[in-house]
Each structure stands twice: as C-alpha cells, then as structure tokens.
Amino acid sequence: MTPDSWSVPPELEGKRQMKADDRFTFGCHPKVACFTRCCADINIILTPVDVLKLSRRLGITTSEFIHRHTVVPLTKDLQLPVVMLRMGDDPQRRCSFVGAEGCTVYEDRPWACRMYPVGMAMPPARAGVEPEPLYFLFEDDFCHGREEQGSWSVAEWRRDQGIEAMEDLESGFRELMTHPWFIGGRQLDPKRMEMLFTACYDLDKFRCFVFDSTFLDRFELEPELVEQLRTDDEALLRFGFRWLRFALFGEPTLTVRPSHRRTA
Ligand code: SF4
Ligand code: SF4
C-alpha cells in the first residue's frame, strides 16, 4: 500500500469527518436507555498504554493480560501489530469488564472507549509531511448519547475524557506507527514485528529482555535510567519506543558500547 492509495479504516468509512474545533452534541450517563449497549460485540483496538494500564489494574503481567483479554490477529498481510480487546463468549459478546453499574475498569478504560463517539485515524507518513490525525463522528443507531445535552468540540472531548493526560505516551507510539521508514510501503520482517510487539505491548517481557539478556552490556545507558527502568513502567515504555527507533529504523537514539561495535 502506498500513501497515495491510503483510505480511512473500514470502520470509519462514511462517517462525518471532524476538525479538532468542530462541535457535536453528546452526553453519556447511567440513566440513558442504551447504557452499556456500546460495550458488546465491538472491535476495540488497544494501544500499548491501554494494555499497560489494564494489566496493572487487574494485577497481572502484560503477558497474562494479552493471553487472557486480547485477540491478536496474525496474518501475513498485517503491516503492524494489532491488539484487540477480547469480547466475552456469551451470545451478546459482552465486554468482560462491563458490570451492572457500567464499566468496572472505568478509570483505566481503553483509549477507544474514552474517545467514543469520536474516532481517529492517522494517515501514513509521506515525505516532508508531518501526519496529522483525522477525526470522525460515530452516529450509531444504538447510541442515544446525541439526544442528551452537552456540546463539545473534539479537543474539549479529548480533554474531558482524559485523553490529553496520556497524549505524550500515546503519541510516542503513533510516531512509530507512522514513521517515515514506512514511506513507499516498506514492511517489517516477522522478527522486527515481534520486537515491535514486545516492546510496545508486552512490557513485562521487554523488561526481562532488558535486564536478563546482554542488552545492558551492549548499550551505554545512564545508571539512573537503568534503575528507573526496573520499576517505572511508563519510563520503560518510553525507552521501548526509543530502542525501537534505533533497532527498526536505524535512528541514533542509543549508543552501542565500543566493545560491541561492528568493525568493517
Ligand atoms: S450513550 Fe452511547 S456511549 Fe453512552 S452508554 Fe449509550 S451507547 Fe454507550
Ligand atoms: S472496557 Fe469498559 S467502556 Fe470499554 S467496552 Fe469494556 S466495559 Fe465498555
């Protein structure tokens, strides 16, 4: 796929496109007739921050979370890893986090759940052009939120839903996904896809890789950073993005120790 042939993801096709300051009417609260109807039979793509926050909330490792709560479609045509929230096995396919009172992981709910009814797509990188997000409005028949009071711009909605607070980490991930390296339709080989998946989504496995392999012998890292990476998940995720820029795209974001430099 070349950037020129890019089209919005299928789930956003035909939706009203919005700019950050465009307004829409919406309200969602436990008294709406459709309360939690949006929490079933739905494709929710998880970001690395979602996987991290939900696994910590549930008190399990990222590996366990991925195993129990996600679907990772693996097809040979996939250009980047995709991690989706697994819906329940009941006939309605309800999200396993929905309860009688609503979302039981509300404070750590996924990015896509926060954004709804706004959708977002990032066009792929193009030479000399910084990719800008495109916003869309879902106007699903099952959702009565647009009959409620509340007028929002996209930017206000993002702020209200706590999206802005995690923007720094989320944007680090998006910058990888839309990196200029992909211009012209270049694809990662399976080994590099696995590296990308592990460093972004399976943070506990990535921590083992950093501390239980020869990683720290190979790279020069400040001792304070090494200590931080042992316990600070967000610092580790940021570091994972930095390492991926080095390992996947050849950016000089890390320094190899002289003893491990390859000589011609
Ligand atoms: S108003 Fe829309 S978002 Fe809110 S509970 Fe109903 S279907 Fe879900
Ligand atoms: S995580 Fe929460 S808000 Fe999102 S679908 Fe599940 S129950 Fe609904």
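Residues numbered from 1 in each chain as written. Chains lettered and ligands numbered in written order. Predicted model: local features only at pLDDT ≥ 70, side-chain atom pairs only at ≥ 80, totals over all residues.

Asker: Give me the nonpolar core: which residues, what numbers.
Answerer: By size, the foremost hydrophobic cluster in this structure holds 36 residues, and its most contacted members are Val-51, Cys-95, Tyr-201 and Leu-236. Breaking this core down by element, the ones donating at least two residues are helix H1 (48–58), helix H2 (62–69), strand S8 (134–137), helix H4 (154–160), helix H6 (190–200), helix H7 (203–212) and helix H10 (233–249). It is H10 that provides the largest number of residues to this core, a total of five residues. (Core = buried A, V, L, I, M, F, W, Y, C linked by C-beta atoms within 7 Å. Buried ≥ 20, exposed ≤ 12 C-beta atoms within 10 Å, placed from the backbone. Helix = DSSP H or I, 4+ residues; strand = E, 2+ residues; numbered from the N terminus.)

Asker: Residue-level account of the environment of Ser-151, with values.
Answerer: Along the chain, Ser-151 turns up in strand S9 (residues 151–153). Residue classification places Ser-151 among the exposed positions, given that 10 C-beta atoms sit within 10 Å.

Asker: Tell me about unusual backbone geometry, and please be specific about residues and values.
Answerer: Put simply, Tyr-116 and Pro-117 share a cis peptide bond, and its omega is 15°. Examined against the element boundaries, Pro-117 turns out to sit in the loop between helix H3 (111–115) and strand S7 (118–121). Positive phi outside glycine occurs at Arg-93, with the angle close to 55°. As for its position among the elements, Arg-93 is in the loop between strand S4 (84–85) and strand S5 (98–99).

Asker: Break down the domain arrangement of the chain for me, citing the residues and quoting the values.
Answerer: The domain boundaries assigned to the chain delineate domain 1 (3–180) and domain 2 (188–260). The straight-line distance from the C-alpha centre of domain 1 to that of domain 2 is 27 Å. Counting residues at the interface gives 14 residues for domain 1, matched by 16 residues for domain 2. Elements with a contribution of two residues or more to the side of domain 1 that touches domain 2: H1, H2 and helix H5 (167–177). It is H5 that contributes the most residues to the side of domain 1 that touches domain 2, four residues altogether. (Domains from an automatic or database assignment. Contact = placed C-beta atoms within 7 Å.)

Asker: Tell me about H10, and name the residues and values.
Answerer: Over its 17 residues, H10 extends 23 Å from the first C-alpha to the last, a length consistent with the 24 Å expected when each residue adds 1.5 Å. Those residues of H10 that fall on the buried side of the exposure criterion are Leu-236, Leu-237, Phe-239, Gly-240, Trp-243 and Leu-244. Positive backbone phi, approximately 70°, marks Gly-250, located one or two places after H10. (Expected span 1.5 Å × (residues − 1).)

Asker: I'd love a proper account of the environment of Pro-252, names of residues and values included.
Answerer: You can see Pro-252 is positioned in the loop between H10 and strand S11 (255–256). Sequence separation between Pro-252 and Arg-242 is 10 residues; the distance between their C-alpha atoms is 9.4 Å.

Asker: Could you give me a rundown of the site of ligand 2, with the residues and numbers involved?
Answerer: Looking at ligand 2, the residues that line it are Cys-39, Ile-44, Cys-95, Phe-97, Val-98, Cys-103, Val-105, Arg-109, Pro-110 and Cys-113. Partitioned by chemical class, the residues of the shell around ligand 2 number nine nonpolar, no polar and one charged. (Near = placed C-beta within 6 Å. Nonpolar A, V, L, I, M, F, W, Y, C, P; charged D, E, K, R; others polar.)

Asker: Can you tell me about the pairing of S8, naming the residues and giving the values?
Answerer: Pairing of strand S1 (residues 16–18) with S8, which is carried by three bridges, proceeds in the antiparallel orientation. Along S8, the bridge assignment pairs Gln-17 with Phe-136. Of the strand pairs in this sheet, S7 and S8 are connected by four bridges, and their pairing is antiparallel. Paired with Met-120 across the two strands is Tyr-135, which belongs to S8. (Pairing = 2+ DSSP bridges.)

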